[in-house]
Amino acid sequence: MAEKHQHDAPPSPYLEKRRTAAETEALEERVRRLENLLTEKGIVSKKTLDRVVSIYENDLGPLNGAKVVARAWVDEAYRQRLLADATKAIKELGFGGLQGEHMVVVENTATVHNIVACTLCSCYPWPVLGLPPTWYKNPPYRSRIAIDPRGVLVEFGLELDDSIEVRVWDSSAEIRYLVLPERPQGTEGFSEEELTALVTRDSMIGVARINSPS
Amino acid sequence: MDRIARAEVADMEGVGALPRRSGELIFHDQWECRAFALGVALHEQGEFIWDDFRQHLIASISADDKTSEILDPSGPGYYEHWLAALEKMLIEKGLITSSKDLVL
């Protein structure tokens, strides 16, 4: 396929704008000095600094997506708008931050199960789901999800009946997908806030279902 | 649905927004990562209010004529401003002294 699929390849100006070795060294020295000063004074510990980096690199902030899903469950008109034009409907709730990428919401039903992936890199609907989990970016998920989606789902603990059609959506720099999971049974009297709390990140990627609250 | 990262840091928008690609934070060099950690850790420990830091960051970016608009997130530059804002913040809070503690 000669289809254009450029994903998030860094633009060429990136290389031209790299700092020189001398500039980098000067900046390294500046940071090292600041860090040593603050650690020696006991204001901050090296351990804390490492922890911060790991937290923010692996940040999970799927709350925006959960709000979108819960709204679609309680408001049929919103659900229709979401499926017709997700970019616009998500913006209605005040979530954005994408730069030209379109959001598409795909709905799970009793007969169709959707999964989102990015087979070439790690495109991800981050304004609604936060940062992607590590496995989403790793080659095993990215390569196998298209070939053997059912097998991958089993590894995630989700066994689908053969009668359910599985659809895999390959994200790109232009289009980001979000799964609208099925509303679990036993939530009939739940408020929108209570429903929001049930929605998991994995269910919006499509590698999990939402369990009925016990 | 754990979220340990603080929203005011992770979800900054506009001029001060953290450089990201596909949602992930971008660090070109190790020092950028260390500078990021310093700023966030000190804030989380209550050394300063995030918005005060953010204002310094925005001021630094805006004062740079090459980057009067939002910085290109895929190129270096953002963390120079971050570092400048952090130094300013720490001097203001009396945690460091500009004359003796900084390499300028």
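All values reported here derive from a predicted model rather than from experimental measurement.

Undergrad: How would you explain the overall build of chain B if you had to name every residue and give the values?
TA: Each helix and strand counted, chain B has 5 helices and 2 strands in total. N-terminal to C-terminal, the α/β element order of chain B is α-β-β-α-α-α-α. The proportion of buried residues among the 104 residues of chain B is 56%. In chain B, the proportion of contacts linking residues at least 24 apart, taken out of those at least 6 apart, comes to 64%. When the accessible area of chain B is evaluated, it comes to approximately 4600 Å², of which 49% is carbon and sulfur surface.

Undergrad: An account of the confidence of the model for chain A is needed here, citing residue identities and associated values.
TA: Mean pLDDT for chain A: 84, with 86% of residues reaching 70 or above. Predicted confidence for residues 1-16 of chain A stays below pLDDT 50, and this span has 24 contacts to residues more than four positions away or in other chains.

Undergrad: Any details on the packing of helix 2 (residues 21-40) of chain A against helix 2 (residues 30-44) of chain B? Residues and values, ideally.
TA: The interhelical angle for the contact between helix 2 of chain A and helix 2 of chain B, taken along N-to-C directions, is 30°, at an axis separation of 9 Å. In terms of orientation, helix 2 of chain A lies roughly parallel with respect to helix 2 of chain B. Remark: the crossing between helix 2 of chain A and helix 2 of chain B carries left-handed chirality. Contact with helix 2 of chain A, carried on its side by A:Thr24, A:Leu27, A:Glu28, A:Val31, A:Leu34, A:Glu35 and A:Leu38, involves B:Trp31, B:Arg34, B:Ala35, B:Leu38 and B:Leu42 of helix 2 of chain B and no other residues of that element. Broken down by class, the residue content of the contact of helix 2 of chain A with helix 2 of chain B amounts to 8 nonpolar, 1 polar and 3 charged.

Undergrad: An account of the nonpolar core is requested, with residue identities and associated values reported.
TA: Membership of the largest hydrophobic core comes to 43 residues, with the highest contact counts inside it found for A:Leu82, A:Ile90 and A:Tyr141. Ranked by residues supplied to this core, first place goes to helix 4 (residues 63-74) of chain A with 6 residues. In contact with A:Ile90, other than residues within four places in its own chain, are A:Val68, A:Tyr78, A:Leu82, A:Phe95, A:Met103 and A:Val128. Among the nonpolar cores identified, the runner-up in size contains 42 residues, and A:Ile43, B:Trp31, B:Ala35 and B:Met89 belong to it.

Undergrad: Tell me about helix 2 of chain B, and please be specific about residues and values.
TA: All names here are of chain B. In this model, helix 2 (15 residues) spans 21 Å end to end at C-alpha, consistent with the 21 Å of a helix rising 1.5 Å per residue. Burial analysis of helix 2 places 14 of its 15 residues in the buried class, which makes it a mostly covered element. Looking at the residues trailing helix 2, positive phi occurs at Gly46, about 85°.

Undergrad: Help me get a handle on the side chain of A:Thr187, residues and values and all.
TA: Residue and element names in this part refer to chain A. Tracing the sequence through the fold places Thr187 in the loop between strand 4 (175-180) and helix 11 (192-198). On the basis of relative accessibility, which here comes to 0%, the residue Thr187 falls in the buried class. When neighbours within four sequence positions are excluded, Thr187 is seen to be in contact with Leu195, Leu198 and Pro213.

Calculation criteria
Residues numbered from 1 in each chain as written. Chains lettered and ligands numbered in written order. Predicted model: local features only at pLDDT ≥ 70, side-chain atom pairs only at ≥ 80, totals over all residues. Heavy atoms only, no water. Helix = DSSP H or I, 4+ residues; strand = E, 2+ residues; numbered from the N terminus. Buried < 20%, exposed > 50% of the residue type's maximum accessible area, 1.4 Å probe, protein only. Contact = heavy atoms within 4.5 Å. Areas by Shrake-Rupley, 256 points an atom, 1.4 Å probe, with all protein chains shown as cover. pLDDT = per-residue confidence, 0-100. Axes fitted to C-alpha atoms, helices over the stretch in contact; angles between N-to-C directions. Parallel < 35°, antiparallel > 145°, perpendicular 65-115°, else oblique. Left-handed = near helix turned anticlockwise from the far one by under 90°. Nonpolar A, V, L, I, M, F, W, Y, C, P; charged D, E, K, R; others polar. Core = buried A, V, L, I, M, F, W, Y, C linked by side-chain atoms within 4.5 Å. Expected span 1.5 Å × (residues − 1).

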